[in-house]
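Okay, here's what each chain looks like letter by letter:
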Amino acid sequence: MLTMMLVLFVILLLLLGSGVWVAFSLMALGWIGLSQFTSIPTGNVMASNVWGSSYSWELTALPMFIWMGEILFRSRLADDMFTGLSPWMQRIPGRLLHTNVVGCGLFAAVSGSSAATCATMGKMTLPELTRRGYDERLVIGSLAGSATLGLLIPPSIILIVFAVATDQSIARLFIAGVFPGLMLIGLFAIYIMIWAWRFPYRVPAAEPGVPLGEKLRRSRRLVPMLALIVGVIGSIYAGLASPTEAAAVGVVLSLLLARVQGSMNGPVFRDALLGAVRTSIMIAFILAGASFLTAAMGFTGLPRDLAAWIAAMELSPWMLLAALTLFFIVLGCFLDGISVVVLTTSIMLPMVEAAGIDLIWFGIFLVIVVEMSQITPPVGFNLFVLQGMTGRDILSIAWAAMPFFLLMMLGVILITLFPQIVTFLPEAMGNR
């Protein structure tokens, strides 16, 4: 087993390090594992698994949510969100810095993508907050950390990938991500307030107060987005729609919203559709490679032997989670979040199930840890987005995001100590 693990690990590093696409790397690794360590007919297994992974009904929700995010990314949603939120933030310690946190949380609830959340909010808040004199390091750090909420707050693309890879309920995973997402928003907001109390001279003076009537008038711009969130997430929780049906509803509502705003035309529609197609194909291709690799690893017996080896070490569930946290953070420094999930599922799930860990809870745990890897160099996608927007080097951006990395680590500890944060809403759903 040790020889097989070392050989496959070195081959994977060579493939990824040489720039081979993740999907091709996964397929090549599965092919080598089957052909060199078993007598199974490799071509038949590859054909059946790649085909089988391509017609899952659950995967239909994926391109729908991606398309919805692309439409909203090109609409005036972000501008309306900033206009509606900013009057309410003037009296809170940290003031408009909270628009990064709350704005990213709201946009994450309709985009499902960390990179889309970071790019959309960054285009608006980075120049605006910098112009108003807010500390640039905290502006960048709060945006980098808060944008990762796109991976956790439903609808989340990576939660759909995890659900398909582990045969779990997408609806339950979506609902399970609500309270942890709100918890992280709260932790980020508290940190900003403490920072503002500690360094009051680095926060611009409050702007002239806005009458309540004007605040309410500006807040009306938030209504369409809130209605979209309630329509998508509420229909799933209430049992009125499956995640796939809710995704289709979300696309229709986002098209209507963009049309009413006047930001929908032929070129915008085409760009949003092509962007969704490109992203969906990329993810589907990775899932196909991961499906073949999962089958190949099953035939080699590696996951079973590895789980037995770890079980023989008699690690407590806490020690196992600590080891997995470190492993996922290190792996996330070199791979994107979706690749981390599909690459490790076949190996990790047997030992997680053997330890008696709930898979819905583990899915949220995994996503939060993957969120942390989004702001760790050298392959932190949010760091790349912010590097392109600010022109800063990636290490300085990563350093600015470090406090939010530590806050997410605190979030992992909290859901471990209090698993009800994750499990309460899925259990309250009953059989819906």
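Above this note sits the structure.
S.K.: Just checking my understanding: could you explain the overall build of the protein chain for this structure?
M.R.: Of regular secondary structure, the protein chain possesses 22 helices and 0 strands. When burial is assessed residue by residue, the protein chain has 54% of its 432 residues classed as buried. Contacts in the protein chain between residues at least 24 apart in sequence constitute 80% of all its contacts with a sequence separation of at least 6. Surface accessibility of the protein chain: about 18,400 Å² in total, with carbon and sulfur atoms responsible for 69%.

S.K.: Would you explain the packing of helix α8 (residues 136-147) against helix α21 (residues 394-417) in this entry?
M.R.: In a packed pair of helices, the relevant descriptors are the angle between the two axes and the axis-to-axis distance. The N-to-C vectors of α8 and α21 enclose an angle of 65°; their axes lie 8 Å apart at closest approach. Note that α8 runs across α21; the crossing there is right-handed. The segment α8 lies against α21, with R137, L138, I140, G141, S142, A144 and G145 engaging I397, W399, A400, A401 and F404. A class-by-class count of the residues in the contact of α8 with α21 yields 8 nonpolar, 3 polar and 1 charged.

S.K.: Even after reading the chapter, I still don't get unusual backbone geometry, so can you show me in this structure?
M.R.: Even without being glycine, D167 reaches a positive phi, approximately 60°. Note on placement: D167 falls in the loop between α9 (157-166) and α10 (170-176).

S.K.: In this structure, what is going on with empty space enclosed by the protein? I would like to understand it.
M.R.: Rolled over the atoms, a probe with the dimensions of a water molecule shows which regions are left empty. Counting across every chain of the model gives 1 cavity of 30 Å³ or more. Reported here for the largest cavity is a volume of approximately 40 Å³. What lines the largest cavity is simply F162, F328, V341, T344, T345, M348, L349, F362 and L366. The set of elements that each furnish at least two residues to the lining of the largest cavity consists of α18 (337-354) and α19 (359-373). Class assignment of the residues belonging to the lining of the largest cavity gives a composition of 7 nonpolar, 2 polar and no charged.

S.K.: Whenever I open this one, helix α4 (residues 61-73) confuses me. Can you help?
M.R.: Because an α-helix packs 3.6 residues into every turn, residues spaced three or four apart end up facing the same way. Between its terminal C-alpha atoms α4 stretches 18 Å, which fits the 18 Å expected from 13 residues at 1.5 Å a residue. Counting buried residues along α4, 10 of its 13 residues qualify, which places the element largely inside the surrounding structure. Residues A61, L62, F65, I66, W67, M68, G69, E70, I71 and L72 constitute the buried set of α4.

S.K.: Sorry if this is basic, but what is going on with the pattern of salt bridges here?
M.R.: Any two side chains of opposite charge can pair, on the condition that their charged atoms come close. What the rule picks out here adds up to 2 salt bridges. Among the salt bridges present, the one from R392 reaches E136, with a minimum N-O distance of 2.6 Å. One end of the pair, R392, is in the loop between α20 (381-390) and α21; the other, E136, is in helix α8, and 256 residues separate them in sequence. Residue classification places R392 among the partly exposed residues on the basis of a relative accessible area of 40%. When its relative accessible area of 29% is taken as the criterion, E136 is described as partly exposed. Across the pair D271 and R270 runs a salt bridge whose closest N-O atoms are separated by 3.6 Å. Taking relative accessible area as the criterion, R270 reaches 48% and is therefore assigned partly exposed.

S.K.: Would you mind showing me how to read the packing of aromatic side chains here?
M.R.: The description of two aromatic rings rests on the distance between their centres and on the angle between their planes. Following the criterion strictly, the structure yields 9 aromatic pairs and no others. Centroid distance Y191 to F404: 5.4 Å. Interplanar angle 75°. Geometry classified as edge-to-face. Taken together, the residues span a long stretch of sequence, with Y191 in helix α11 (residues 178-198) and F404 in helix α21 at a distance of 213 residues. For Y191, a relative accessible area of 24% gives the class partly exposed. Judged by its relative accessible area of 0%, F404 falls in the buried class. Consider the rings of F199 and Y201, whose centres lie 6.2 Å apart with planes at 90°: the pair is edge-to-face. Note on Y201: relative accessible area 64%, which makes it exposed. Clustering of aromatic rings is evident, with ring pairs tying together F188, Y191 and F404.

Conventions and cut-offs
- Along every chain, residues carry numbers that run from 1 in the direction the sequence is written.
- With pLDDT at 70 or above as the cut-off, local features in this predicted model cover only qualifying residues; side-chain atom pairs require 80 or more to be listed or tallied, and sums for whole chains, interfaces and linings still use all residues.
- Excluding hydrogens and water, the side-chain figures rest on all heavy atoms present in the structure.
- In this description a helix means any DSSP run of H or I spanning at least four residues, a strand means any run of E spanning at least two, and both kinds are numbered starting from the N terminus.
- Only protein chains enter the accessibility calculation, which uses a 1.4 Å probe; a residue is then buried when its area is under 20% of its type maximum, exposed when over 50%, and partly exposed in between.
- Any two residues whose heavy atoms approach within 4.5 Å are treated as being in contact.
- Per-residue and other accessible areas follow the Shrake-Rupley method at a 1.4 Å probe size, with only the shown protein chains counted as cover for residues.
- Throughout, an axis means a line fitted to C-alpha atoms (over the contacting stretch in the case of helices), and angles, computed between N-to-C directions, take values from 0 to 180 degrees.
- By definition, turning the near helix anticlockwise from the far helix through less than a right angle yields a left-handed crossing, and turning it clockwise yields a right-handed one.
- Side-chain classes are defined by residue name, with Ala, Val, Leu, Ile, Met, Phe, Trp, Tyr, Cys and Pro counting as nonpolar, Asp, Glu, Lys and Arg as charged, and the others, Gly among them, as polar.
- The way it works is a 1 Å grid over only the protein atoms, where trapped points that fit a 1.4 Å probe form a cavity and open points with protein on both sides within 12 Å along at least five of seven lines form a pocket, and then any residue with an atom within 4 Å of a point lines it.
- Grid points are joined across faces, edges and corners, and a volume is the space filled by probe spheres set on the points.
- By definition here, a helix of n residues has an expected span of 1.5 Å times n minus one.
- What counts as a salt bridge is simple: a side-chain nitrogen of Lys or Arg found within 4 Å of a carboxyl oxygen of Asp or Glu.
- When two rings of Phe, Tyr or Trp (its six-membered ring) have centres within 6.5 Å they constitute a pair, described as stacked for plane angles under 30 degrees, edge-to-face for angles over 60, and tilted for the intermediate range.

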